[in-house]
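Each chain is listed here by its residues.
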Amino acid sequence: MAKNPNLTLGAADLAALLCSRVCHDVISPVGAINNGLELLDEGGADADALDLIRTSALNASVRLKLARLAFGASGSVGASIDTGEAEKAAKEFAAAEKKTEITWNGPRVIIPKNQVKLLLNLFLVAYGSIPRGGEIVVTLENPEFEPKFTITAKGRMMRLPPKFMELNSGQVEEAIDAHAIQPYYTVMLADEAGMMLSAVQNPEEMVFTAERMTD
């Protein structure tokens, strides 16, 4: 299949922007841990400080675990990953933020790493499309042979991410930055896996799909 013409970043720029994205995701909870430690040093309310530290440490941990699978090597090049790991990472990520309920349907199987990374990145795109929280249903169909991933998102103020839509099917007018790198990486993973991405919105929900390209 033809390569997506929007995928123009070099390896160095891609790596740098993905690192910026991961740092952006963890800097807030890490900063909150530091704030909690400062409260303890100042003799503040121990219970409140410890609760802040505990909550922030959990938030940082689940974000890093998800980032490791979604963006990192997660084993050797060409390795396969258990979809159960992806399910656990996605659910723990949502549980820590306490605003979105996750339902995961489909068999637990070992599939190529890039397909699992695509699944998690598409999950992140869907998660970001309901900023006030809501419900996400992840469905895996025939993942070992002709994989199809469907992610349905419902929530207040839901909106298809414009940068994802531009990258997937339109013309990108602005340079890719750290805010746009995650949808960019999602489109790149689909391109490399030979899968087609689509996203549609109706009044009740948004549906994001990745499925094998057919000739």
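Remember, predicted model here, so these are calculated numbers, not experimental data.

Description of the pattern of salt bridges
Throughout the structure, instances matching the rule amount to six salt bridges. Between Arg108 and Asp82 there is a salt bridge; the shortest N-O distance is 3.0 Å. With a gap of 26 residues between them, Arg108 in the loop between strand 2 (100-105) and strand 3 (110-112) and Asp82 in strand 1 (residues 80-82) connect regions that are remote in the sequence. Look at Arg108 and you get exposed, because its relative accessible area is 61%. Close ionic contact of Lys154 with Glu205 constitutes a salt bridge, the shortest N to O distance being 3.9 Å. One end of the pair, Lys154, is in strand 5 (residues 148-155); the other, Glu205, is in the loop between strand 6 (195-201) and strand 7 (206-212), with 51 residues separating them in the sequence.

Quick notes on the environment of Arg132
Take Arg132: it is sitting in the loop between helix 4 (113-128) and strand 4 (134-141). According to the relative accessible area criterion, Arg132 is partly exposed, its value standing at 47%. The sequence separation of Arg132 and Val109 amounts to 23 residues, and the corresponding C-alpha distance is 32 Å. Apart from residues lying up to four places away in sequence, Arg132 is in contact with Lys99, Arg156 and Met157.

Let's talk about the packing of helix 1 (residues 11-41) against helix 2 (residues 46-70)
Packing of helix 1 against helix 2 leaves a shortest axis separation of 8 Å and a crossing angle of 160 degrees. With respect to their mutual orientation, helix 1 and helix 2 come out roughly antiparallel. Our pair here, helix 1 against helix 2, has a crossing hand that is left-handed. Contacts between helix 1 and helix 2 involve Val22, Asp25, Val26, Pro29, Val30, Ala32, Ile33, Asn35, Gly36, Leu37, Leu39 and Leu40 on the former and, on the latter, Asp46, Ala49, Leu50, Leu52, Ile53, Ser56, Ala57, Asn59, Ala60, Arg63, Leu64 and Ala67. Here the residues of the contact of helix 1 with helix 2 sort into 17 nonpolar, four polar and three charged.

Looking at the nonpolar core
With 56 residues, the main nonpolar core has Phe123, Ile136, Ile151 and Phe208 as its most contacted residues. Broken down by element, this core gets its largest block of residues, 10 residues, from helix 4.

Examining helix 1
The first and last C-alpha atoms of helix 1 sit 44 Å apart over 31 residues, in line with the 45 Å expected at 1.5 Å per residue. Among the residues making up helix 1, those that are buried are Leu14, Leu17, Leu18, Arg21, Asp25, Val26, Pro29, Ala32 and Gly36. Packed against the buried residues of helix 1 are helix 2 and helix 6 (181-193). Where helix 1 ends, the next residue or the one after it, Gly43, has phi of about 75 degrees, a positive value.

Criteria and cut-off values
Residues numbered from 1 in each chain as written. Predicted model: local features only at pLDDT ≥ 70, side-chain atom pairs only at ≥ 80, totals over all residues. Heavy atoms only, no water. Salt bridge = Lys/Arg side-chain N within 4 Å of Asp/Glu carboxyl O. Helix = DSSP H or I, 4+ residues; strand = E, 2+ residues; numbered from the N terminus. Buried < 20%, exposed > 50% of the residue type's maximum accessible area, 1.4 Å probe, protein only. Contact = heavy atoms within 4.5 Å. Axes fitted to C-alpha atoms, helices over the stretch in contact; angles between N-to-C directions. Parallel < 35°, antiparallel > 145°, perpendicular 65-115°, else oblique. Left-handed = near helix turned anticlockwise from the far one by under 90°. Nonpolar A, V, L, I, M, F, W, Y, C, P; charged D, E, K, R; others polar. Core = buried A, V, L, I, M, F, W, Y, C linked by side-chain atoms within 4.5 Å. Expected span 1.5 Å × (residues − 1).

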